[in-house]
Amino acid sequence: AQSVTQLDSHVSVSEGTPVLLRCNYSSSYSPSLFWYVQHPNKGLQLLLKYTSAATLVKGINGFEAEFKKSETSFHLTKPSAHMSDAAEYFCVVPPGGGYSSASKIIFGSGTRLSIRP
Amino acid sequence: ETGVTQTPRHLVMGMTNKKSLKCEQHLGHNAMYWYKQSAKKPLELMFVYSLEERVENNSVPSRFSPECPNSSHLFLHLHTLQPEDSALYLCASSQGSSLMNTEAFFGQGTRLTVV
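Caption draft 1: Molecular detail of the pattern of salt bridges. Residues and elements named next belong to chain B. For the structure on display, the rule yields 6 salt bridges over all chains. One salt bridge connects K22 with E24, and the closest N-O pair in it is separated by 3.8 Å. A residue is classified by how much of its surface remains accessible, and K22, at 29% relative accessible area, is partly exposed. The partner of R63 in a salt bridge is D85, with the nearest N and O atoms 2.7 Å apart. Here R63 is found in the loop between β6 (53-57) and β7 (64-70), whereas its partner D85 is found in the loop between β8 (73-79) and β9 (87-94), with 22 residues between them in sequence.

Caption draft 2: Molecular detail of empty space enclosed by the protein. Inspection of the entire model under this criterion finds 1 cavity of 30 Å³ or more. Approximately 60 Å³ is the volume found for the largest cavity. Every residue along the wall of the largest cavity is listed here: A:N41, B:R9, B:H10, B:L88, B:Q108, B:G109, B:T110 and B:R111.

Caption draft 3: Structural context of the state of the cysteines. Under the defined criterion, the tally for this structure stands at 2 disulfides over all chains. Two residues share a disulfide in this structure: A:C23 and A:C91, whose sulfurs sit 2.0 Å from each other. Of note, the bridge from A:C23 to A:C91 carries an S-S torsion of about -65° and is left-handed in sense. Of this pair, A:C23 sits in strand β4 (residues 23-26) while A:C91 is found in strand β10 (residues 87-93), placing the two residues 68 residues apart along the sequence. For the pair A:C23 and A:C91, one class covers both residues: buried. In this model B:C23 forms its disulfide with B:C91; the gap between the sulfur atoms is 1.9 Å.

Here is what the cut-offs are and how they apply
- Residues numbered from 1 in each chain as written.
- Chains lettered and ligands numbered in written order.
- Predicted model: local features only at pLDDT ≥ 70, side-chain atom pairs only at ≥ 80, totals over all residues.
- Heavy atoms only, no water.
- Salt bridge = Lys/Arg side-chain N within 4 Å of Asp/Glu carboxyl O.
- Buried < 20%, exposed > 50% of the residue type's maximum accessible area, 1.4 Å probe, protein only.
- Helix = DSSP H or I, 4+ residues; strand = E, 2+ residues; numbered from the N terminus.
- 1 Å grid on protein atoms, 1.4 Å probe; cavity = no way out; pocket = protein on both sides within 12 Å on 5 of 7 lines; lining within 4 Å.
- Points joined across faces, edges and corners; volume = space filled by probe spheres on them.
- Disulfide = S-S within 2.5 Å.

See the structure below:
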């Protein structure tokens, strides 16, 4: 069975400091992994995705994530936080393929990122 | 703007009312989804339509009734809802329903309040 765990429900950083949002996955094979961002009162937007190509993935707005199979992790990072980064972030494990597997897409519980001025 | 439009953005309804949520996409996608997002709970997949056929129904109460008249439109008909149904309802679409390597595009959601 696949699962995803976001280790922090809330992260608060100062503007200009690094951001680290943690995600660990459990899967019997090497999965694809996504990060989505949801700004207040908005829908979810894809931030970046890993699909078994390069293990370091760059996304929009200066975010990147590194797939580490040995640690079963896919943590999201950004070198310098901006006020506009305040949002909810979701780590997602898509299903393992197959026509009817869409229901198996797994969303993490989310991490709310706050930015202090 | 993701290409997925949901209306209305906000809805307040009484428990005896009947209302419908609408979702529209012109991205050429062939799969559409309804998700429920409640405070402090993970996103819950409600329904999946692929090629206008419902392929997933995750034990959703019958007071929620989806309809997919064509590949561009998805509705969620609501009747006799309960206060615990208050949530943000998100529509999404993708090309293919497996989502293995495919991004899902989400609408901005309908904030539903049941009074």
